[in-house]
2 protein chains.
Amino acid sequence: MALYVQKFGGTSVGSVERIKAVAEKVKGFRDNGHQVVVVVSAMSGETNRLIGMANEINDEPTPREMDMLVSTGEQVTISLLAMALHKLGVPATSYTGSQVGIQTDSAHTKARIQRIETDELQADLDDGQVVVVAGFQGVDEEGNITTLGRGGSDTTGVALAAALKADECQIYTDVDGVYTTDPRVCSKAQRLERITVEEMLELASLGSKVLQIRAVEFAGKYNVPLRVLSSFQDGPGTLIVADSDQEEDSMEEPLISGIAFTANEAKLTLLNTPDVPGVASRILGPIAGANIEVDMIVQNVAPAGDYTDFTFTVAKGDYKQTLKILNEQVLPDLGEGEVKSDDNIAKVSLVGVGMRSHAGVASKMFRVLAEESINIRMVSTSEIKISVVIDEKQMELAVRALHKAFGLDKADIENEE
Amino acid sequence: MALYVQKFGGTSVGSVERIKAVAEKVKGFRDNGHQVVVVVSAMSGETNRLIGMANEINDEPTPREMDMLVSTGEQVTISLLAMALHKLGVPATSYTGSQVGIQTDSAHTKARIQRIETDELQADLDDGQVVVVAGFQGVDEEGNITTLGRGGSDTTGVALAAALKADECQIYTDVDGVYTTDPRVCSKAQRLERITVEEMLELASLGSKVLQIRAVEFAGKYNVPLRVLSSFQDGPGTLIVADSDQEEDSMEEPLISGIAFTANEAKLTLLNTPDVPGVASRILGPIAGANIEVDMIVQNVAPAGDYTDFTFTVAKGDYKQTLKILNEQVLPDLGEGEVKSDDNIAKVSLVGVGMRSHAGVASKMFRVLAEESINIRMVSTSEIKISVVIDEKQMELAVRALHKAFGLDKADIENEE
């Protein structure tokens, strides 16, 4: 007998029919002798419907009232799912975040979980009940309803799994796992059996929107085995494990786990800026001040003189405003230099804990790109990731070439087996 | 400075625009220096939408999960109304029934309020806040969400007014008060300035659906001044007062306050039934057993022999089933008798505390009806009410004739003034 925490997102509970299908799935686990806690989101579209009404009434609603409003979305789903389980003869009880004792701080709309009281929940489980919990929400010390922010249902699931010491937290989504890269770009992309928390974090922040970063961090911190699988088809999904587990058998692990990419950034360069202390903050200060997030930053060492080039990337949506700040604030402040910019770029990243212990990943990456005549504009590295900026129109070619070269193609692995 | 509890029903908060209009109204009272607690229902249509989803999933949902589900309706409204008040610069805080401490028993879907904790609420009021409370819902001792049953928002309003010792509980509806009779039938019907709780109870149970009976009983019991008024137009509405207040100046009160009527009943008679003890229960027992509610009951005293006639009315929807029970169960059991029935009847009732101390109301009523050649089929009386059953097609004629004869017509009273 195992204890599973199963989280179903908005699409998975998006209609009465889908809620019934979730009940069937949960019943299957229970029939096999397992204990199940189910965490659900609001039915898809519901949260946006509620926010729409709020915005018609007040363009700046207070966060407390927003939480009061949107938390009704999950409350609807938990009661409907409990009813669906009852219909199948499965004893089940639904709880709001407040009722189940998910205590948070008072940072409305982005609250953080402080502790979870599990006594009553454990008693229900021991009593043979399936417990259905509203994701995304909690309660602060004064009894105000709080929410954890968009995607917070994943966090609720992981936090409950940690508090209950569950055997696994299963996140059901509309994809059947984490892939080596986006199958829409590379037809030979394949589902990963397992991936480390660290790799998942790099892939998530690079645009693989399978899981919320916070939930993955949480799972890593509390050593909760996390599995991503499909609500709509059977299959083992992808298991996300803490690094320690991973390193034990790292000999067998592939060098690279996945390739992330995005065409949603733009690159800006300040040429011939004075190479003196504090210049970076004089460039980036006004940009941060405008709430623009900077992703990659590269500064070349000044070769001889007192001048250097400073390059960074921002989201494409912030491109024009950033350009304006550089021209109208930064350049006049520095007194010299020149701005060059390009919004037809793409970022491609190799991610893998295996590269930690292997030299040569970067040089192999550069060679593969060179063989395809792809020019590298910018490079940035971390312990388990190498990112390059290239021309946008070469992005897909780069992803496919690297996917093959690093042995990720479906056929390659099937041959190895 | 007065303290008002104001309750707005589903139609009054049925859209974003109407919620804004309610906020304006509340602001008006607050601008005049009053303290305001607002109780709201779910937006019209919302509760039915939720119940519809539930029924698609489970034809017999558990009452606990139904309460969990439908209580979200009011929670949406309280947060939207608080946002609308904020937009107008009015400080406001919303509370669910659970948060505000409306403690009920555990009779899900028809819970009764046991006590209300007012400390926090009073503190908010003293702090200058408008307090917005979800109607219709509470919480039991174990923390389960309960609901008070349909129309329970009126009860929430009255209970809060009683607990807070409010100066008045104002129930905003889509009519501008309680009328002497239905204006659609009698164009000279007029709004009553005031009415007693007792009269209101008789009128409500007879089909004037302005207020929930429970709320009126509650107001009477705790001596809460209750005012019915329109959400959509200004006006003083109708004040519903405890009988004691009323009797002080009963000299000035009219004999009859209002005329209720319904064409929604059917009449059944058992002719020539044995006039022996226990026969009434042998007739009504099987009917009650089928959960059919009986309204009027008349049994004629047997003139000489050992036989009597037993007549009663039921709702038209139960007519056919009742007839079947009489013919297939009751008659065979009694061994003799004959069934006569009529579903083309109407019941017309005069209501007024004034008739307590005045003889002759009944005889005047009968005379007025006779003058219109209206045949009376059945009569039943209480201390403050006389009901007659007549032919359905004569109902409107009877109402108009009685309305005029008892001095209720608009012009008459205007002439008196």
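Residues numbered from 1 in each chain as written. Chains lettered and ligands numbered in written order. Predicted model: local features only at pLDDT ≥ 70, side-chain atom pairs only at ≥ 80, totals over all residues. Heavy atoms only, no water.

Under an unreviewed UniProt entry, the name given to chain A is Aspartokinase, and the source organism is Halomonas marinisediminis. Per its UniProt entry, chain A bears the Sequence similarities (unreviewed entry) comment "Belongs to the aspartokinase family." Comment text from UniProt for chain A, heading Catalytic activity (unreviewed entry), reads "L-aspartate + ATP = 4-phospho-L-aspartate + ADP". (UniProt positions renumbered as here; feature names shortened; annotations may be inferred.)

A. Spatial organisation of the packing of helix α6 (residues 152–164) of chain A against helix α8 (residues 213–221) of chain A. All names here are of chain A. Interaxial distance between α6 and α8 falls to 8 Å at its minimum, and their mutual angle equals 10 degrees. It follows from the interaxial angle that α6 and α8 lie roughly parallel. Residues D154, T155, V158 and A159 of α6 lie in contact with α8, whose contacting residues are R214, A215, F218 and A219. By residue class, the composition of the contact of α6 with α8 is five nonpolar, one polar and two charged. (Axes fitted to C-alpha atoms, helices over the stretch in contact; angles between N-to-C directions. Helix = DSSP H or I, 4+ residues; strand = E, 2+ residues; numbered from the N terminus. Parallel < 35°, antiparallel > 145°, perpendicular 65-115°, else oblique. Contact = heavy atoms within 4.5 Å. Nonpolar A, V, L, I, M, F, W, Y, C, P; charged D, E, K, R; others polar.)

B. The relation of the copies chain A and chain B, seen in detail. Overlaying chain A on chain B yields an RMSD of 0.1 Å, the required transformation being a rotation through 180 degrees with an accompanying axial translation of 0.1 Å. Interpreted geometrically, this transformation is the action of a two-fold axis. When each C-alpha of chain A is compared by its distance to the rotation axis, A:T72 comes out closest, at 2.6 Å. Looking at the interface residues of chain A, 100% of them are also at the interface in chain B, so both copies use one shared face. (Least-squares fit on C-alpha atoms with pLDDT ≥ 70 in both.)

C. Representation of the pairing of strand β3 (residues 92–95) of chain A. Residue and element names in this part refer to chain A. Because side chains alternate across β3, one face comprises the buried residues A92 and S94, and the other comprises T93 and Y95, equally buried. Bridging between β3 and strand β6 (residues 130–134) involves four bridges; their strand directions are parallel. Each residue of the ladder has a partner; that of S94, found in β6, is V132. (Buried < 20%, exposed > 50% of the residue type's maximum accessible area, 1.4 Å probe, protein only. Pairing = 2+ DSSP bridges.)

D. Spotlight on the pairing of strand β18 (residues 345–351) of chain A. Residues and elements named next belong to chain A. Within β18, seven of the seven residues are buried, which leaves it mostly tucked inside the rest of the structure. The side-chain alternation of β18 yields two buried faces, one formed by I345, K347, S349 and V351 and the other by A346, V348 and L350. Of the strand pairs in this sheet, strand β13 (residues 258–262) and β18 are connected by five bridges, and their pairing is antiparallel. By the bridge assignment, F261 is partnered in β18 with V348.

E. Local environment of the pattern of salt bridges. Going through the model one piece at a time under the given rule, you end up with 42 salt bridges over all chains. The partner of A:E168 in a salt bridge is A:R227, and the shortest N-O contact between them spans 2.8 Å. With A:E168 in strand β9 (residues 168–173) and A:R227 in strand β11 (residues 226–230), this pair connects stretches of sequence that are 59 residues apart. Here A:R227 falls in the buried class, since its relative accessible area comes to 17%. Residues joined in a network through salt bridges with shared partners are A:E46, A:R49, B:E46 and B:R49. (Salt bridge = Lys/Arg side-chain N within 4 Å of Asp/Glu carboxyl O.)

F. Spotlight on the sheet that holds strand β2 (residues 35–40) of chain A. Residues and elements named next belong to chain A. In spatial order, the strands read β3-β6-β2-β1-β9-β11-β12-β10; together these eight strands make up an open sheet with mixed pairing. The open sheet terminates on both sides in strands that have one partner only, identified here as β3 and β10 (194–196). Neighbour to neighbour, the strand axes of the sheet diverge by 20 degrees on average, direction disregarded. Two strands pair when backbone bridges link them, and β11 and strand β12 (residues 238–241) are joined in this way by three bridges, in the antiparallel orientation. Across the sheet, L226 pairs through a bridge with I240, a residue of β12. Sheet strands touched by α6: β1 (3–8), β2, β6, β9 and β11. Its angle to β2, the strand with the most contacts, is close to 155 degrees.

G. Broad picture of helix α2 (residues 46–57) of chain B. The terminal C-alpha atoms of α2(B), which comprises 12 residues, lie 17 Å apart, in line with the 16 Å expected from a rise of 1.5 Å per residue. By the burial criterion, the buried members of α2(B) are B:E46, B:T47, B:L50, B:M53, B:A54 and B:I57. Projected onto a plane normal to the axis of α2(B), the buried residues spread over an arc of 130 degrees and lie on a single side. Looking at the packing, one finds that the buried side of α2(B) touches α1 (16–31), α2 (46–57) and α3 (63–87) of chain A together with α3 (63–87) of chain B. (Expected span 1.5 Å × (residues − 1). Arc of directions from axis to C-beta.)

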